[in-house]
Amino acid sequence: MVESDILSREKRYYHICTDGTLVDWLFKDTQDFIEGNNRLAVYLHRNSLKVLDYVLMDTHIHIVVYGTYSQCINFISTFKRITSRYIKKRYGLKRYMCHIPYKIIEVKDIEQLIETIAYIDRNTIVAGYSCLPSEYKWCGARYFFRSNDFIEMSREFLKYKKVKELSYREIRQIIKSDLPIPKDWEIDIFGMINPFNFLEIRKVESLFKTSKRYSFYISKKIENKIDLEILGIDNNSRVFLNDSQLREMAHNISQNLFPQKEFANLDRDSKIILSRYLYRNFSSSLKQVSRILEIPIEEIL
């Protein structure tokens, strides 16, 4: 058996994400997010992946899972296909997700795992949302280090029903699939599968140990480090980013530096700040940075 076959069958931690720079939206409204949450739950369960964390953003998704590389590929391929089908049915757009690339990054140690989870939960902060990560409905951060009072209040408000209390037709109507899901899973009054059912909450909390330590990591700006991992670049290397990689990095960093501004609409002063940041922090030439951001070299220096 070749090494790649062995690796594909070994269970490891992986960070799965889609590219959010190529579409204007992936989820438009509450219904889209609920349906996305349910697809996530159903097809992660279908592929026997354990879910440590996730976030559904307007244009992309991030997930941390434990499983095999093959399971990850099967999941994200199916998720893209089923999401495209949903978008076609609701919005009339064909093959919407087909051109969107995805990445599956192996998480090699506990520190990287902790930082990747923090990176995912920081997505709403970097995007400039007004709410804290714990208040964002479509992510794992909402369920970590929660008090029993919060859990009980949620149950009272959302009026969960167990899958075993629902008919086959009701379940199919909610999850839009014939695939079986655990009978003890819960679904709220809005038709959303309770993330408490599929998240490895105790595992995540044991990694951070305390809510104080979790808050510490959430407050760290680690986007550059994780973005490099997504691009497949060693954080300690001095290799140059190619144009495509640098453009993607510039887009990601601009969200951190200028959360209220769209990358495509950055003003000249913001572009100069961004260009200087790229030149100082990455092994890119002045000429390359100038070309990507359309800023004269003399203004970068």
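Within each chain, residues carry numbers counting from 1 in the order of the written sequence. Whole-chain, interface and lining totals are the exception, using all residues; otherwise, since this is a predicted model, local features are given only for residues with pLDDT of at least 70 and side-chain atom pairs are given and counted only at 80 or more. Processing note: side-chain calculations cover all non-hydrogen atoms of the structure and skip hydrogens and water entirely.

### Points about the pattern of salt bridges
Argument step 1. For this document, the term salt bridge refers to a Lys or Arg side-chain nitrogen within 4 Å of an Asp or Glu carboxyl oxygen. One pass over the full model with this rule turns up 12 salt bridges.
Argument step 2. Here glutamate 115 and lysine 220 are joined by a salt bridge, their closest N and O atoms 3.8 Å apart. On the criterion of sequence distance, the pair formed by glutamate 115 in helix α4 (residues 110–121) and lysine 220 in the loop between α9 (211–218) and α10 (223–231) is long-range, its members being 105 residues apart.
Argument step 3. For each residue, the accessible area found with a 1.4 Å probe, counting protein chains only, is set against the maximum for its type, and the residue is called buried under 20%, exposed over 50%, and partly exposed in between. The partly exposed category is assigned to lysine 220, whose relative accessible area is 26%.
Argument step 4. A salt bridge links aspartate 243 to arginine 291, with the nearest nitrogen and oxygen atoms 2.8 Å apart. Taken together, the positions of aspartate 243 in helix α11 (residues 243–257) and arginine 291 in helix α13 (residues 286–293) put the pair 48 residues apart, joining distant regions of the chain.
Argument step 5. With a relative accessible area of 45%, arginine 291 lands in the partly exposed category. For helices the rule is a DSSP run of H or I covering at least 4 residues; for strands it is a run of E covering at least 2, with both sets numbered from the N terminus onward.

### Considerations on the confidence of the model for the chain
Argument step 1. Residue-level confidence of the predictor, termed pLDDT, takes values from 0 up to 100. Of all residues in the chain, 94% have pLDDT values of 70 or greater, and the mean over the chain is 88.
Argument step 2. Confidence scores differ between elements of the chain, with helix α1 (residues 3–9) showing the lowest mean pLDDT of 51 and strand β2 (residues 50–56) the highest of 98.
Argument step 3. Here residues 1–7 is modelled with pLDDT under 50, and outside its nearest four sequence neighbours on either side it reaches 4 contacts, counting other chains as well. Every residue pair with non-hydrogen atoms within 4.5 Å of one another is taken to be in contact.

### Digging into a nonpolar patch on the surface
Argument step 1. Patch definition: residues with relative accessible area over 30% and no salt bridge; like charges joined within 9 Å; nonpolar side chains (Val, Leu, Ile, Met, Phe, Trp, Tyr) joined within 5 Å. For the accessible areas, the method is Shrake-Rupley and the probe is 1.4 Å, while residue cover comes only from the protein chains on display. Taken together, the side chains of Phe157, Ile189 and Phe190 define a hydrophobic patch exposed on the protein surface, amounting to about 340 Å² of accessible area.
Argument step 2. Relative to the helices and strands, isoleucine 189 resides in the loop between β6 (186–187) and α8 (201–208).
Argument step 3. Residue classification places isoleucine 189 among the partly exposed positions, given a relative accessible area of 48%.

### Considerations on the packing of α11 against helix α12 (residues 268–281)
Argument step 1. Here the axes come from fitting lines to C-alpha atoms, over the contacting stretch only for helices, and the angles between their N-to-C directions go from 0 to 180 degrees. The N-to-C vectors of α11 and α12 enclose an angle of 120 degrees; their axes lie 10 Å apart at closest approach. The angle between α11 and α12 places the two elements in the oblique class. For the crossing formed where α11 meets α12, the hand is right-handed. Every residue of α12 that contacts α11 at Leu246, Met249, Ala250, Ile253, Ser254 and Leu257 is listed here: Leu274, Tyr277 and Leu278. When describing relative orientation, an angle under 35 degrees is termed roughly parallel and one over 145 degrees roughly antiparallel, while 65 to 115 degrees is termed roughly perpendicular and anything else oblique. Working rule for handedness: look at the near helix, and if it is turned counterclockwise from the far one by less than a right angle, call the crossing left-handed; if clockwise, right-handed.

### What about helix α2 (residues 30–46)?
Argument step 1. In a helix, the anticipated span is given by 1.5 Å times the number of residues less one. Taking 1.5 Å per residue as the helical rise, α2 with its 17 residues ought to reach 24 Å, and the 24 Å between its terminal C-alpha atoms agrees with that figure.
Argument step 2. Counting buried residues along α2, 13 of its 17 residues qualify, which places the element largely inside the surrounding structure.
Argument step 3. Once α2 finishes, serine 48 follows within two positions and takes phi at roughly 55 degrees, a positive value.

### Observations regarding the state of the cysteines
Argument step 1. In what follows, a disulfide is any cysteine sulfur pair within 2.5 Å. Inspection of the entire model under this criterion finds 0 disulfides.
Argument step 2. Here cysteine 72 is not cross-linked by a disulfide; its sulfur's nearest cysteine counterpart is in cysteine 17, at 11 Å.
Argument step 3. The buried category is assigned to cysteine 72, whose relative accessible area is 0%.
Argument step 4. Here cysteine 139 stays unpaired: no disulfide links it, and the sulfur of cysteine 131, its closest cysteine neighbor, is 7.9 Å away.
Argument step 5. The exposure class of cysteine 139 is buried, given its relative accessible area of 2%.

### Quick word on the packing of α12 against α13
Argument step 1. At a minimum axis separation of 10 Å, α12 and α13 run at an interaxial angle of 145 degrees. α12 and α13 meet at a crossing whose hand is right-handed. Two secondary-structure elements touch here, α12 through Lys271, Leu274, Ser275, Leu278 and Tyr279 and α13 through Leu286, Val289 and Leu293.
Argument step 2. Only Asp, Glu, Lys and Arg are considered charged, only Ala, Val, Leu, Ile, Met, Phe, Trp, Tyr, Cys and Pro nonpolar, and every remaining residue, Gly among them, polar. For the contact of α12 with α13, the class distribution of residues is 6 nonpolar, 1 polar and 1 charged.

### Structural notes on α10
Argument step 1. The buried fraction of α10 is high, at 8 of 9 residues.
Argument step 2. Among the residues of α10, those classed as buried are Glu223, Asn224, Ile226, Asp227, Leu228, Glu229, Ile230 and Leu231.
Argument step 3. Directly after α10, the chain includes glycine 232, whose backbone phi takes a positive value near 80 degrees.

### As for the nonpolar core
Argument step 1. By nonpolar core is meant a set of buried Ala, Val, Leu, Ile, Met, Phe, Trp, Tyr and Cys residues that side-chain atoms within 4.5 Å join together. Core analysis: the largest hydrophobic core is formed by 73 residues, its most contacted members being Ile63 and Phe75.
Argument step 2. Setting aside anything within four residues of it in sequence, one finds phenylalanine 75 in contact with Ile16, Leu40, Tyr43, Leu44, Asn47, Leu49 and Ile63.
Argument step 3. Grouped together as the second largest cluster of nonpolar side chains are 19 residues, Leu241, Leu278, Leu286 and Ile292 included.

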